[in-house]
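Examination of the molecular architecture
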Amino acid sequence: MPGKRFRPAVVLLMAQATCLQSLGTINPAQLQLAMITEMIHTASLLHDDVIDESNMRRSTSTVNALFGNQLAVLAGDFLLARASVHLAQLRDCDVVELLSRVIEHLVQGEVLQLRHADGNQIAQGGRGEEPVMWPTFTEYMRKTWYKTASLIANSCKAVTLLNPVSRSQPYIVQAASRYGDHLGLAFQLVDDAMDYSTPSRSMGKPAHKDLVQGTITAPVLLALEDPAKVDANELFHAWHARDNHRVAELVHEGLGVEKTLALAAEHARQARHALLAPASFEGNVRRESALPSSPARDALLALCESVLDRQR
Ligand code: FPP
Ligand code: MG
Ligand code: MG
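Residues numbered from 1 in each chain as written. Chains lettered and ligands numbered in written order. Predicted model: local features only at pLDDT ≥ 70, side-chain atom pairs only at ≥ 80, totals over all residues.

Per an unreviewed UniProt entry, the recorded name for the protein chain is Decaprenyl-diphosphate synthase subunit 1, and the organism is Cyanidiococcus yangmingshanensis. Annotation of the protein chain in UniProt includes, under Cofactor (unreviewed entry), the sentence "Mg(2+)". Entered under Sequence similarities (unreviewed entry) in the UniProt record, the comment concerning the protein chain runs "Belongs to the FPP/GGPP synthase family." (UniProt positions renumbered as here; feature names shortened; annotations may be inferred.)

Structure, rendered in structure tokens:
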């Protein structure tokens, strides 16, 4: 099964939606950026499947399962190196800096996640004795932005810099970036909810992997919010005892999946708002904030809906 190519689709639609006078035109640099975005994403998945010891993605065997960890890591490194060459060829230092930061953020997100995952060396100070520190919800959202939203937000921002017309309009650059922030957060929240609600077969990758790997995500943290529904001590105990069946039950009793999807819907709403916010006035000066109406903008708005009911 091919990947969803969600990220390059967002980048190309953003290029079309923000090109203003040259309506609907995507320039070659913008096309190249969409490709770089997908290459960085794929490189991160090659490394991720090694870290997660995962043997299935997109309904097929992972590279590490087929060829071993060493080749999978090198394949990821190679893709990242090729992406860097293509990035340098854009001859735009601002765009190079944005995408380089993304790579830094992807790694930071993974390290933050490891720090709060049960049963690993970083979380347990290398000794494997102390219990893991649970993340606060703010820490979880920060990790989520690094891990998923940064790539989407910074690519959306970068593509507006690659057209001189949109580059000269700060409100366009900012709207694109804010759209990516919220769409990325909504996307990952749905992913984390699906881990508790969707069978492996329809996702094309193992279900309940967060639970199995000891990664604490939104459904667990939000299920803990209501002491009338979930006894926090029982959930902590079941989590640390690796009683995955009971944890999943408690997450469902605490409406963790529903609350995660509601938060995703709120971020999808904010993504829409980033593209539609009405113009404001400073004195008599009209400050634009919305993108002009176009089929590409409509498609970006529609993505905010479809990200909420995706199956994989
Ligand atoms: C998937 O998450 C993984 C990511 C979104 C980022 C992984 C990043 C790294 C491994 C850092 C190295 C980065 C580069 C660019 C080489 P997941 O494991 O929660 O989801 P999954 O179910 O798709 O595996
Ligand atoms: Mg993984
Ligand atoms: Mg992972």
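Back to the text.
If you tally the helices and strands in the protein chain, you get 15 helices and 4 strands. In terms of overall dimensions, the protein chain is globule-like: its C-alpha atoms have a radius of gyration of 20 Å, near the 20 Å expected for 312 residues. Principal axes of the C-alpha set define a box for the protein chain whose edges measure 60 × 50 × 35 Å. Here the protein chain holds 312 residues, and 43% of them are scored as buried. Within the protein chain, contacts between residues at least 6 apart in sequence are counted, and of these 71% link residues at least 24 apart. (Helix = DSSP H or I, 4+ residues; strand = E, 2+ residues; numbered from the N terminus. Rg over C-alpha atoms; globule rule 2.2 N^0.38 Å. Buried ≥ 20, exposed ≤ 12 C-beta atoms within 10 Å, placed from the backbone. Contact = placed C-beta atoms within 7 Å.)

A few words now on the packing of helix 1 (residues 6-17) against helix 15 (residues 295-306). Running from amino to carboxyl end, helix 1 crosses helix 15 at an angle of 140°, the nearest separation of the two axes being 8 Å. Where helix 1 crosses over helix 15, the handedness of that crossing is left-handed. On helix 15, the residues touching Val10, Leu13, Met14, Gln16 and Ala17 of helix 1 are Ala296, Arg297, Ala299, Leu300 and Leu303. Across the contact of helix 1 with helix 15, the residue classes break down as 8 nonpolar, 1 polar and 1 charged. (Axes fitted to C-alpha atoms, helices over the stretch in contact; angles between N-to-C directions. Left-handed = near helix turned anticlockwise from the far one by under 90°. Nonpolar A, V, L, I, M, F, W, Y, C, P; charged D, E, K, R; others polar.)

Neighbouring residues of ligand 1: 18 residues in total, closest Ser44, His47, Asp48, Leu106 and Glu110. Broken down by secondary-structure element, the contributors of at least two residues to the shell around ligand 1 are helix 2 (28-51), helix 4 (69-89), helix 5 (93-115) and helix 6 (137-161). Of all the elements, helix 2 adds the most residues to the shell around ligand 1, at 6 residues. When grouped by side-chain class, the residues that make up the shell around ligand 1 number 7 nonpolar, 5 polar and 6 charged. (Near = placed C-beta within 6 Å.)

Taken N-terminus to C-terminus, the directions of helix 12 (residues 232-240) and helix 13 (residues 244-253) make an angle of 150°; their axes are 8 Å apart at the nearest point. When you trace helix 12 past helix 13, the crossing you get is left-handed. Here Glu234, Leu235, Ala238 and Trp239 of helix 12 come into contact with helix 13, specifically with Arg246, Val247 and Leu250. Tallied by class, the residues present in the contact of helix 12 with helix 13 amount to 5 nonpolar, no polar and 2 charged.

On to the nonpolar core. If you look at the biggest cluster of nonpolar residues, it comprises 80 residues, and the most contacted ones within it are Met14, Leu183 and Ala186. Of all the elements, helix 8 (residues 170-197) adds the most residues to this core, at 13 residues. Ignoring anything within four residues of it in the chain, the contact list for Met14 reads Cys156, Val159, Thr160, Ala176 and Leu300. (Core = buried A, V, L, I, M, F, W, Y, C linked by C-beta atoms within 7 Å.)

So, on to the environment of Arg101. Note on placement: Arg101 falls in helix 5. Separated by 153 residues in the primary sequence, Arg101 and Gly254 have C-alpha atoms spaced 37 Å apart.

We now examine the environment of Ala15. Considering the arrangement of structural elements, one finds Ala15 in helix 1. Filtering out sequence-adjacent residues up to four positions away, Ala15 remains in contact with Ile26, Gln30, Val159 and Asn163.

Between the first and last C-alpha of helix 5 there are 33 Å, a value that for 23 residues agrees with the 33 Å anticipated at 1.5 Å per step. Val95, Leu98, Leu99, Val102, Leu106, Gly109 and Gln113 are the residues of helix 5 that are buried. On its buried side, helix 5 packs onto helix 2, helix 4 and helix 6. (Expected span 1.5 Å × (residues − 1).)

We now examine unusual backbone geometry. A positive phi angle, close to 50°, is found at Glu53, a residue other than glycine. Considering the arrangement of structural elements, one finds Glu53 in the loop between helix 2 and strand 1 (56-57). Overall, the presence of 12 C-beta atoms within 10 Å leaves Glu53 in the exposed class. The phi angle at Leu255 is positive, at roughly 55°, despite the residue not being glycine.

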